[in-house]
Structures are given as C-alpha cells and as structure tokens.
Amino acid sequence: MRIRFGCEMGYDFPQPTPVIARLNSYPVNGLAAVPPDVLTLDPPLPLRTFRDVFGNRTVRFMAPAGALTLSVHAETEDDGALDPVVPEAEEHAVEDLPEEALPFLVASRYCESDLLSSEAWRLFGDLEPGWSRVQAICDYVHGHITFGYGYAHVDRTAAGAFASRRGVCRDYAHLFVAFCRALNIPTRYCTGYLSFIGEPEPHAPGDFAAWSEVYLGGAWHVFDPRNNAPRRGRILVARGRDAADVPLTHTFGPNRLTKFRVWAEDGATSAAAD
C-alpha cells in the first residue's frame, strides 16, 4: 500500500528568526518517498540540509519577519503490516551491547532514569527479562497516565508524568524510556507520522506522534505506550534520547503558530476522495 503523509505549519515572526526543522521522514528499509520528501517554504527561502548527530534529516534557515508556511507533501510505500511483535527477543547484558545502543542507557533531559531507578526496580525488577518485561512496562505506563491535549506541558519530564499521572504522547514515551533505561534496557525516543489505517472510527484530528524503540534480541523494536497496540502506517521522522533532541521545529525567537495540519492516510483512499 501507499501512504500519503505530510504537514502544514504556519508561523508569524515579528523579527528575522533562525529556525531548525525536522519534518521529513527518516529513510528506513531503503524506501524513498515519492514525490521527494522535501520541506517547502512559502515564501521560498534558502535552506541548508544536514544530518544531526542521530542521523535525522534536518533543515535550517533564517525566517524573515512576517508570515511563513512550512509544508511537506509526499507518499511512501508500506507493506501494510502491523508493528512487529517478537516475544522471543531477549534483553542483552550491558557488556554485550553494541556501541550504538550505549547512549540510550543513561538519563537525559526529559528521561530521568536515575531518579526513577528505585521505582523501576520495585515495579519491574522481579519480572522475567526480555520482551515480556518491556511489554509489562508499556502496559503499566499506558494505564498509569491519563491522556488529554489539555495536559500538554513543555517542561514535564518522565518523573513529572509519573507523579501527575497525566499527559500527552510524549509523556507516555518519556516515562516508558526512563523506566526501561533504569533497568539497563537501551531505549530511544521517536517522533513521526502515525496513520489511523485499520483503526475504528471516529478518528482524532491528525497530529504528530511519539513512541519508543527498544533494543532487544539484536535489533530495535517499536513500543508505543500511548496506544499500546501494534499500528499500521508508522512513519519515523526523528529519533533521539528524548524530545529535547528531536523538536519538530526549533525557533530561536518569538513567534505565533497560525496553522497546524498533519496527515498520514491510505494513498488510494485519499486519492479517490480528491
């Protein structure tokens, strides 16, 4: 199947402002978006593109004073399968981990695994290591936090989400990441597009989503504590230690968000609707 995805984000800047954006898909499995998955600015501006330290596709530019729209319009192929479930995947001893996994073992800005270590071991330390224990953490976080867009808070950390028991998808991901790292399980924070393909109606308005990837059995695997169920049409944009590493847009000055639209949908269905 093909998935049509993209976003439109409008800003009003009172003065010239540097901007860094991560809104393009992260190439995985050798698949490329068609048409090319590029960031378009209206009005057009000079761009510089690069890969950040985590390999994420990143764009930087100087926004002039006034209105500016950032947009992505693309399609990508997808096998239509749900997120894989690999119950036999095992945890690794720290000394056996590849170097690429080591940065995702330690505490970070929003994932204070050191502060939550005692709780993590109390709640999950006696469970059988491996996929089942990670799934138990995912189940716990899914049930512990109450979701609500009104609960969004830019400064809430994993410890704050654990204490307040409310938040949005990034809070679920941060608490899950912190618990896993406290148990010496490499876990990274992910953000991207998530479709409602195959999900029952009614669907919520389109939005970016946050989830996690855990290193088990020699590979990285998706866990989504917000939804806590395998999903179709997950398109990775960026991965890092936590949300501080992968803001979708980082604006170095005051601004006002004037438009926000996100979509990820079955390309055949959306084409017929057009």
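For the structure, check the block above.
Now for a description of the structure that goes with this document. Nothing here was measured: the structure is a model prediction, and the numbers come from that model.

## Focus on the pattern of salt bridges
Step number 1: Per the counting criterion, the structure on display carries 15 salt bridges.
Step number 2: The salt bridge involving R57 is made with D37; its shortest N-O contact spans 3.3 Å. Taken together, the residues R57 in strand β5 (residues 57-63) and D37 in the loop between β2 (17-21) and β3 (40-42) connect sequence positions 20 residues apart.
Step number 3: Taking the relative accessible area as the measure of exposure, D37 reaches 4% and is therefore buried.
Step number 4: In this structure, the salt-bridge partner of R234 is D83, at a minimum N-O distance of 2.6 Å. Taken together, the positions of R234 in strand β12 (residues 234-240) and D83 in the loop between β6 (66-77) and α1 (117-124) put the pair 151 residues apart, joining distant regions of the chain. Neither R234 nor D83 differs from the other in exposure class; each is buried.

## Examining the sheet that holds β2
Step number 1: Spatial strand order, β4-β5-β2-β13: four strands in an open sheet with antiparallel pairing. Edge strands, defined here as strands with exactly one partner in the open sheet, are β4 (48-51) and β13 (249-251). Between one strand axis and the next, the sheet turns by 20° as a mean value, whatever way the strands run.
Step number 2: The pairing of β4 with β5 spans four bridges and is antiparallel. Bridging across to β5, R48 finds its partner in R60.

## Some thoughts on the state of the cysteines
Any covalent bond linking the sulfur atoms of two cysteines counts as a disulfide.
Step number 1: Counted by the stated rule, this structure contains zero disulfides.
Step number 2: In this structure C111 is a free cysteine whose sulfur lies 10 Å from that of C180, the closest cysteine sulfur available.
Step number 3: For the unlinked cysteine C138, the closest cysteine sulfur is that of C180, found at 8.3 Å.
Step number 4: On the basis of relative accessibility, which here comes to 2%, the residue C138 falls in the buried class.

## A word on the pairing of strand β11 (residues 219-223)
Step number 1: Alignment of strand β10 (residues 208-216) against β11, held across five bridges, turns out to be antiparallel. Residue pairing across strands places V214 opposite H221, the latter belonging to β11.
Step number 2: What sits between β10 and β11 in their antiparallel hairpin is a turn of two residues, with G217 showing a positive phi close to 60°.

## What about unusual backbone geometry?
Step number 1: Going from D42 to P43, the amide bond is cis rather than trans, its omega being 5°.
Step number 2: As for its position among the elements, P43 is in the loop between β3 and β4.
Step number 3: Phi is positive for N184, which is not a glycine, with a value near 65°.
Step number 4: Topologically, N184 is positioned in the loop between α4 (169-182) and β9 (187-194).

## Some words on the environment of S117
Step number 1: Residue position: S117 is located in helix α1.
Step number 2: The class for S117 is partly exposed, based on a relative accessible area of 24%.
Step number 3: Separated by 67 residues in sequence, S117 and N184 place their C-alpha atoms 9.9 Å apart.

## So, α4
Residues separated by three or four positions in an α-helix point in the same direction, a consequence of the helix having 3.6 residues per turn.
Step number 1: Compared with an ideal rise of 1.5 Å per residue, which puts 14 residues at 20 Å, α4 spans 20 Å between its outermost C-alpha atoms and is within 8% of the ideal.
Step number 2: Counting buried positions along α4 yields 14 of 14 residues, so the element is predominantly enclosed.
Step number 3: Taken from the residues just after α4, N184 is the one with a positive phi, measuring 65°.

## Some points on the packing of aromatic side chains
Step number 1: Taken as a whole and assessed by the stated rule, the structure comprises 15 aromatic pairs.
Step number 2: With a centroid separation of 6.2 Å and 65° between ring planes, the pair formed by F208 and F260 is classed as edge-to-face. Of this pair, F208 sits in strand β10 while F260 is found in strand β14 (residues 256-266), placing the two residues 52 residues apart along the sequence.
Step number 3: When the centroid spacing of 5.2 Å and the interplanar angle of 70° are considered together, the rings of Y215 and W220 count as edge-to-face. The same class applies to Y215 and to W220, which are both buried.
Step number 4: Of the aromatic side chains, those joined through ring pairs into one cluster are F5, Y193, F208 and F260.
Step number 5: Lying across the ring of Y110, R170 places its NZ or CZ 4.7 Å from the centre.
Step number 6: The ring of F104 is capped by R188, whose NZ or CZ atom sits 6.0 Å from the centre of that ring.

## Side note on the side chain of T187
Step number 1: Checked against the element boundaries, T187 lands in strand β9.
Step number 2: By relative accessible area, which is 0% here, T187 ends up buried.
Step number 3: A polar contact of 3.0 Å, which involves the side chain of T187, links it to the backbone oxygen of I185.
Step number 4: Residues within four places of T187 in sequence aside, it is in contact with F104, F176, V177, C180, R181, S212, E213, V214 and W220.

Analysis parameters
- Residues numbered from 1 in each chain as written.
- Predicted model: local features only at pLDDT ≥ 70, side-chain atom pairs only at ≥ 80, totals over all residues.
- Heavy atoms only, no water.
- Salt bridge = Lys/Arg side-chain N within 4 Å of Asp/Glu carboxyl O.
- Helix = DSSP H or I, 4+ residues; strand = E, 2+ residues; numbered from the N terminus.
- Buried < 20%, exposed > 50% of the residue type's maximum accessible area, 1.4 Å probe, protein only.
- Pairing = 2+ DSSP bridges.
- Axes fitted to C-alpha atoms, helices over the stretch in contact; angles between N-to-C directions.
- Disulfide = S-S within 2.5 Å.
- Expected span 1.5 Å × (residues − 1).
- Phe/Tyr/Trp six-rings, centres within 6.5 Å; stacked < 30°, edge-to-face > 60°.
- Lys NZ or Arg CZ within 6 Å of the ring centre and 35° of its normal.
- Polar contact = N/O pair within 3.5 Å; in protein donor to acceptor, adjacent residues only side chain to side chain.
- Contact = heavy atoms within 4.5 Å.

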